[in-house]
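Overview (structure and organization)
Residues per chain are reported as follows:
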Amino acid sequence: MSVLPPSGRLRWTDVPALLRTRLETALGSSVTDAVTPAGGFGHQLAAALTLTSGRRFFVKAAPDDDPLTDANVHEATVLDVLPPGAPAPELLGIHRAAGRTAVVIAHLDGPHPDLSPPSGDAGQTWALLDKLTSSPAPAAYTEAVSGTPSGAAGLHGWDVLRADPPGDLDLDVRDRLHELAELEAAWPSLAQGDRIVHGDLRADNMVRDHQQGVTFVDWAHATTGPACIDAASLAPQLILAGHAPADVARLLRDHSATATDPDTTTAFLAALTGHWYRNARKPEPPGAPGLRAYQHRAAAAGLALLDYRLS
Ligand SMILES: Nc1ncnc2c1ncn2[C@@H]1O[C@H](COP(=O)(O)OP(=O)(O)OP(=O)(O)O)[C@@H](O)[C@H]1O
Ligand SMILES: [Mg+2]
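Residues numbered from 1 in each chain as written. Chains lettered and ligands numbered in written order. Predicted model: local features only at pLDDT ≥ 70, side-chain atom pairs only at ≥ 80, totals over all residues. Heavy atoms only, no water.

1. Section: the coordination of the magnesium ion (ligand 2)
- For the magnesium ion (ligand 2), every protein donor is listed as Asn 205 (OD1) and Asp 218 (OD), and the spread of their distances is 2.1 to 2.2 Å. With Asn 205 in the loop between strand 6 (195-197) and strand 7 (206-209) and Asp 218 in the loop between strand 8 (213-216) and strand 9 (223-225), the pair connects residues that are 13 residues apart, well separated along the chain.
- We classify Asp 218 as buried; its relative accessible area is 19%. (Donors = N, O, S within 2.8 Å, 3.2 Å for Na, K, Ca; no water. Helix = DSSP H or I, 4+ residues; strand = E, 2+ residues; numbered from the N terminus. Buried < 20%, exposed > 50% of the residue type's maximum accessible area, 1.4 Å probe, protein only.)

Structure, rendered in structure tokens:
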């Protein structure tokens, strides 16, 4: 039985039979169940497979000419070289057939973490980031990501809005466009660093595994950079989950990954918020329902944090 994907995701039964057979052979028995997890905005196959043996695996697959395949292969490479103890699932294999590439990853069992205030998951996530960024990335990791440009480094938005301000721009944003664009302009020269960066840290890119606890998934954007990137990306997510902006601003000020470099953190937050604010105004892309509404809310959370950092 297949569970219909929540968004426009491909299903296991949409995968060409040749690749399905290749995977079943590699995994050692037939697939009896394929569940597409809720969350995320992607259109590729991302499914938890159960086999007749009872074992479970997680598979992502896309056509070879889809840029998602490069992203999946990058993720597989990263999973293979993360240091022991990193909060990530194990890579189990890459399989190619019928013009598609599938990446098989150890299955994590549990829901997305609950980042809302009463839960301990947010605290656990901050602690994981502390550990992940407390020392430079191992050489094998740095080497593996060296050929992939950092998505975080290229984030921007306020510059575009300042160059040609839309007539319906919020008045308070219009008044602050110059300041926001100046903060963002500082980001590219600060974006280099030697720490592991997940690069897309949201609750739907984490699983609270029953045994391993909170674990980061979707390492497709992983790179190296300053320690602050993932913590500063997580901060607006906590506001979206119900934390008071003042509390999150305090956490960001004091966390080991962000406290030592406040200017870099502020510049990154400005660039990330500008990216969200600019993109939220674009038409909804096909296959990603809800993306623009999410970007709109995330931009508001980012702006609230910037208010605290600049006041
Ligand atoms: N190893 C895993 N075990 C169990 N579930 C997982 C695993 N990896 C990811 N998931 C679940 O599958 C969903 C989609 O996975 P992932 O984020 O890697 O795919 P994606 O297509 O890159 O997503 P996005 O929509 O973010 O682009 C995640 O939100 C998570 O719920
Ligand atoms: Mg994802």
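The discussion continues.
2. Remarks on the pairing of strand 4 (residues 91-97)
- As defined by bridge partners, strand 4 adjoins strand 5 (residues 100-106) across six bridges and the pair is classed as antiparallel. When the bridges of strand 5 are listed, Leu 91 appears paired with Ile 105.
- Hairpin connection from strand 4 to strand 5: two residues lie between these consecutive antiparallel strands, with Ala 98 at a positive phi of about 55 degrees. (Pairing = 2+ DSSP bridges.)

3. A short note on the nonpolar core
- Grouped together as the largest cluster of nonpolar side chains are 69 residues, with contacts concentrated most on Leu 82, Trp 158, Phe 216 and Trp 219.
- Composition of this core by domain shows at least three residues from each of domain 1 (12-106) and domain 2 (121-310).
- Judged by nonpolar contacts, the second largest core, of 17 residues, contains Trp 12, Leu 27, Ala 34 and Val 104. (Core = buried A, V, L, I, M, F, W, Y, C linked by side-chain atoms within 4.5 Å. Domains from an automatic or database assignment.)

4. Section: the side chain of Thr 215
- With respect to the element layout, Thr 215 can be found in strand 8.
- Reaching out from Thr 215, the side chain makes a polar contact with the backbone oxygen of Gly 213 at a distance of 3.0 Å.
- Excluding anything up to four places from it in sequence, Thr 215 contacts Pro 87, Ala 88, Pro 89, Leu 108, Asn 205, Met 206, Val 207 and Asp 209. (Polar contact = N/O pair within 3.5 Å; in protein donor to acceptor, adjacent residues only side chain to side chain. Contact = heavy atoms within 4.5 Å.)

5. Some thoughts on the layout of surface pockets
- Approximately 150 Å³ is the volume attributed to the second largest pocket.
- The wall of the second largest pocket is formed by Pro 83, Pro 84, Gly 85, Ala 86, Pro 87, Leu 128, Lys 131, Leu 132, Ser 135, Pro 136, Pro 138 and Ile 196.
- Here the lining of the second largest pocket gets three residues from one element, more than from any other, and that element is helix 3 (residues 121-133).
- Of the residues contributing to the lining of the second largest pocket, the split by class is nine nonpolar, two polar and one charged. (1 Å grid on protein atoms, 1.4 Å probe; cavity = no way out; pocket = protein on both sides within 12 Å on 5 of 7 lines; lining within 4 Å. Points joined across faces, edges and corners; volume = space filled by probe spheres on them. Nonpolar A, V, L, I, M, F, W, Y, C, P; charged D, E, K, R; others polar.)

6. Structural notes on the environment of Leu 180
- Within the element layout of this structure, Leu 180 appears in helix 6 (residues 171-185).
- Here Leu 180 falls in the buried class, since its relative accessible area comes to 0%.
- A C-alpha to C-alpha distance of 41 Å links Leu 180 and Phe 58, two positions 122 residues apart in sequence.
- Sequence-distant contacts of Leu 180, that is, excluding residues within four places in its chain, are made with Trp 158, Ala 270, Leu 303 and Leu 306.

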